[in-house]
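So the chains spell out like this:
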Amino acid sequence: KHTAAHFTVVEEVDVTELVEARQKAKALGKNHGVNVTYMPFIMKAVASGLTRFRSLNGHLDEEAGDIVMPAEINIGIATDTPNGLVVPVIRNVEQKSVLHLAAELGDLAARTREGKVKPDELRGSTFTITNAGNIGGTLATPIINFPDIAILGVHRIVKRPGIVETPEGDEIAVRQYM
């Protein structure tokens, strides 16, 4: 916190369509032996955003006193292990499908929890995502995974009423928010 300036922005997102898409992808993944969670979808959305807003995709080079912004998008995924949070890296996220990311993430997370991740798999992130959804809570402020320059914290999905625009006008419907 003393090296990287921290600033928190909180947004609530209607993820009803994401929940539906994940259900379909989960069935497809099952046919391939892959567990499809929400994280690969979030990773793809982040990669899309980082492609448009390149200044958030990078890391601090302390020796050079510069921010390095590489072309590739390498996302670190904060992973809870018996030894605390460890951040393995999925490389070139922008080039991979949701199913490919799900398979790679499942393998990498399992090996990280087992302490079998390789040192190279813990380096080179350009952005980090942390998911506190499984512990509940509405929001937390994640700490930037230095030397990255930004992090996204996602939280649990909750159902509640929301306004939906229809051709007939606005309606209240059950929606899912993160």
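Quick caveat: nothing in here was measured; it's all calculated off a predicted structure. (Residues numbered from 1 in each chain as written. Predicted model: local features only at pLDDT ≥ 70, side-chain atom pairs only at ≥ 80, totals over all residues. Heavy atoms only, no water.)

If you tally the helices and strands in the chain, you get three helices and 10 strands. Ordered by position from the N terminus, the helices and strands of the chain form the series α-α-β-β-β-β-β-β-α-β-β-β-β. For the chain, the C-alpha radius of gyration of 17 Å lies close to 16 Å, the compact-globule estimate for 178 residues. Reported as C-alpha extents along the three principal axes, the dimensions of the chain are approximately 60 × 40 × 30 Å. Counting only residues that meet the buried cut, the chain has 34% of its 178 residues in that class. Across the chain, contacts joining residues at least 24 apart in sequence account for 50% of those joining residues at least 6 apart. (Helix = DSSP H or I, 4+ residues; strand = E, 2+ residues; numbered from the N terminus. Rg over C-alpha atoms; globule rule 2.2 N^0.38 Å. Buried < 20%, exposed > 50% of the residue type's maximum accessible area, 1.4 Å probe, protein only. Contact = heavy atoms within 4.5 Å.)

Bringing the environment of Lys116 into the picture now. Among the secondary structure elements, Lys116 is positioned in the loop between α3 (98–113) and β7 (127–131). You can call Lys116 exposed: its relative accessible area is 56%. Separated by 20 residues in sequence, Lys116 and Gly136 have C-alpha atoms that sit 28 Å apart.

With that settled, consider the confidence of the model for the chain. In the predicted model, the chain carries a mean pLDDT of 92, and the fraction of residues at 70 or more is 98%. Looking across the chain, the model is least confident in strand β1 (residues 59–61), with a mean pLDDT of 85, and most confident in strand β6 (residues 89–90), with 98. (pLDDT = per-residue confidence, 0-100.)

So, on to the pairing of strand β10 (residues 169–177). Direction of pairing for strand β9 (residues 158–166) relative to β10: antiparallel, over a ladder of nine bridges. Counted as the bridge partner of Val164 is Glu171 from β10. Here β9 folds back onto β10, and the loop between the two strands holds two residues. (Pairing = 2+ DSSP bridges.)

Along the chain, the position of Thr81 falls in strand β4 (residues 79–81). Excluding residues within four positions of it along the chain, Thr81 makes contact with Val86, Thr112 and Arg113.

All right, on to unusual backbone geometry then. At the junction of Phe146 and Pro147, the peptide bond is cis and its omega measures out at 15° in the coordinates. Among the secondary structure elements, Pro147 is positioned in the loop between β7 and β8 (151–154). One non-glycine residue, Asn92, adopts positive backbone phi at about 50°. Position of Asn92 relative to the elements: it lies in the loop between β6 and α3.

Let's shift gears to the layout of surface pockets. Sizing a probe to match a water molecule and rolling it over the atoms shows the empty space that remains. As a volume, the largest pocket reaches approximately 1200 Å³. For the largest pocket, the lining is made up of 40 residues, of which Val9, Glu11, Leu152, Gly153 and Val154 are closest to its centre. Of all the secondary-structure elements, those providing two or more residues to the lining of the largest pocket are α2 (39–52), β8 and β9. Residue contributions to the lining of the largest pocket peak at six residues, all from α2. Classifying every residue of the lining of the largest pocket by side-chain character gives 27 nonpolar, eight polar and five charged. The volume enclosed by the second largest pocket comes to roughly 910 Å³. (1 Å grid on protein atoms, 1.4 Å probe; cavity = no way out; pocket = protein on both sides within 12 Å on 5 of 7 lines; lining within 4 Å. Points joined across faces, edges and corners; volume = space filled by probe spheres on them. Nonpolar A, V, L, I, M, F, W, Y, C, P; charged D, E, K, R; others polar.)

Another aspect to go through is the pattern of salt bridges. Inspection of the entire model under this criterion finds seven salt bridges. One salt bridge connects Glu121 with Arg111, and the closest N-O pair in it is separated by 2.6 Å. A residue pair is termed long-range when its members are at least 10 positions apart, and Glu121 in the loop between α3 and β7 and Arg111 in helix α3 qualify at 10 residues. Just as Glu121 is buried, Arg111 falls in that class too. Residue Lys116 is joined to Glu114 by a salt bridge in which the shortest nitrogen-to-oxygen separation is 3.9 Å. Among the charged side chains, a network of salt bridges with common partners joins Asp107, Arg111 and Glu121. (Salt bridge = Lys/Arg side-chain N within 4 Å of Asp/Glu carboxyl O.)

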